[in-house]
Amino acid sequence: MLAFDIARRYLLSRKSHAAVNVICAVAVAGVAVAVMAIVVVLSVFNGFTALAEKQMGRFDAALRIEPAAGAVLPVDADSLAAALATMPQLQAAAAVIDERALAVAGGAQLPVRIKGVGAAFGSVIDMDSIVVDGIYTAFDTVAGMPPAHLSAGVAVELGLRPQPGSEVAVYVPRRVGRINPANPATAFRADSLVVLSVWQTERPEYDADRIVMPIATARNLLQRMPGEASAVEASTAPGVTAADVASELSERLGPAFRVLTRERQNEQSFRMIAIEKWLTFAMLVCILAVAAFNIVSTLSLLVIEKRDNMATLRALGASRDTARAVFMWQGVLISLAGGVAGLVIGLALCLVQQHFGLVRLSADASALTVSVYPVVVRAADMLAVAGVVAVAASISAGVAAIFTKDIE
């Protein structure tokens, strides 16, 4: 195409006025820097999202089956867990009960959330990887008492750690039965547990107030029947995605159940990260739009400089549309040159950071989960950036058409 070839030569050739060369270079550099910033920022947000997923995976199961209505599952949870464990897509499954309670040790008290778990829970969640003191066991009793596995926050607040004689009393409101108004203590049920381990996930919402105990102890404390549970939690087999299994289980279990992946269990957290990511993306696109104004300056100067050339071209028989198309292609090429350069440089920086971790966090490394900025490059984000560059190129072509509408 004649117009494209001429526009390409105009972009690469030296202009008669040095200022035009400088402004053209600034226009390309401005677009490149803006696009590079978009690529880097989106990849950093992806890195923090992946880090959040990893942290959530330390205590949130890959899949959680809950009742669509009510506090307990409408079927025998132990049988459901056993059936799920036989599926080739799943590695393990365990029934769990979640409830609020009051933990008391010595003179200290703390509102907590108790989680009664089945024997297979240690295979659903790798508890050994998060235990910081003591040992995790699936036994229902240890030395004649049910074991308690405390989160770090509970252990600190109650002054407990795994050692002989370390016990915690757990109180819950009585669910059924008569209450004596003259004796308020009858409104509660209590059980004493021996502290067997302390665990930490680096997530404040879990580390602050959680106690894990055998599901049999939790059922007895909460006056629940054998087989009753709040949910069944499961881990997927290696190479299997939780989303695919969730879809299959939803169809098989029916509308009485909700099958939640880890992302859906923490929907608010992931939604907040996504909102921050795309708001930042929108602001950077605005910066790219400002950088694109340099293209307007370049095109206006180029139209003035090349007016004689266009007159010669017209004298040789080129149509007015061909002359206008030269500058339209010029605007497109400047946008694409800056966009492609920014995309390549940003992608290279992200890949280097992702594999070598050159940019480190400035805070105390011992107090952080990671010591370098997490970065993850995703193809969908690169396509979004490429789309923005394409839109910028189209706008540049439109601006060029406006500047050259009166060209002779």
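Residues numbered from 1 in each chain as written. Predicted model: local features only at pLDDT ≥ 70, side-chain atom pairs only at ≥ 80, totals over all residues. Heavy atoms only, no water.

Moving on to the pattern of salt bridges. Applying the stated criterion to the full structure yields 13 salt bridges. In this structure, the salt-bridge partner of Arg203 is Asp60, at a minimum N-O distance of 2.8 Å. Of this pair, Arg203 sits in the loop between β7 (188-199) and α6 (204-207) while Asp60 sits in the loop between α2 (18-56) and β1 (63-67), placing them 143 residues apart in sequence. An identical accessibility class is assigned to Arg203 and Asp60; each is buried. Between Asp98 and Arg64 there is a salt bridge; the shortest N-O distance is 2.8 Å. Of this pair, Asp98 sits in strand β2 (residues 90-105) while Arg64 sits in strand β1, and the two are 34 residues apart along the sequence. (Salt bridge = Lys/Arg side-chain N within 4 Å of Asp/Glu carboxyl O. Helix = DSSP H or I, 4+ residues; strand = E, 2+ residues; numbered from the N terminus. Buried < 20%, exposed > 50% of the residue type's maximum accessible area, 1.4 Å probe, protein only.)

Of all hydrophobic cores here, the largest spans 47 residues; its most connected members are Leu63, Leu84, Ile114, Leu150, Val168, Ile211 and Val232. Per element, the largest residue contribution to this core is seven residues, and it comes from β2. In this structure Ile211 touches Ala103, Val112, Arg113, Ile114, Lys115, Ala148, His149, Leu150 and Val154, once residues within four positions along its chain are discounted. (Core = buried A, V, L, I, M, F, W, Y, C linked by side-chain atoms within 4.5 Å. Contact = heavy atoms within 4.5 Å.)

Attention now moves to unusual backbone geometry. The phi dihedral of Ala143 is positive, around 55°, even though this residue is not glycine. Relative to the helices and strands, Ala143 resides in the loop between β4 (131-134) and β5 (147-151). In this structure, Gln223 takes a positive phi of about 60° despite not being glycine. Mapped onto the fold, Gln223 is located in the loop between α7 (215-222) and β9 (231-236). The exposure class assigned to Gln223 is buried, which follows from its relative accessible area of 17%.

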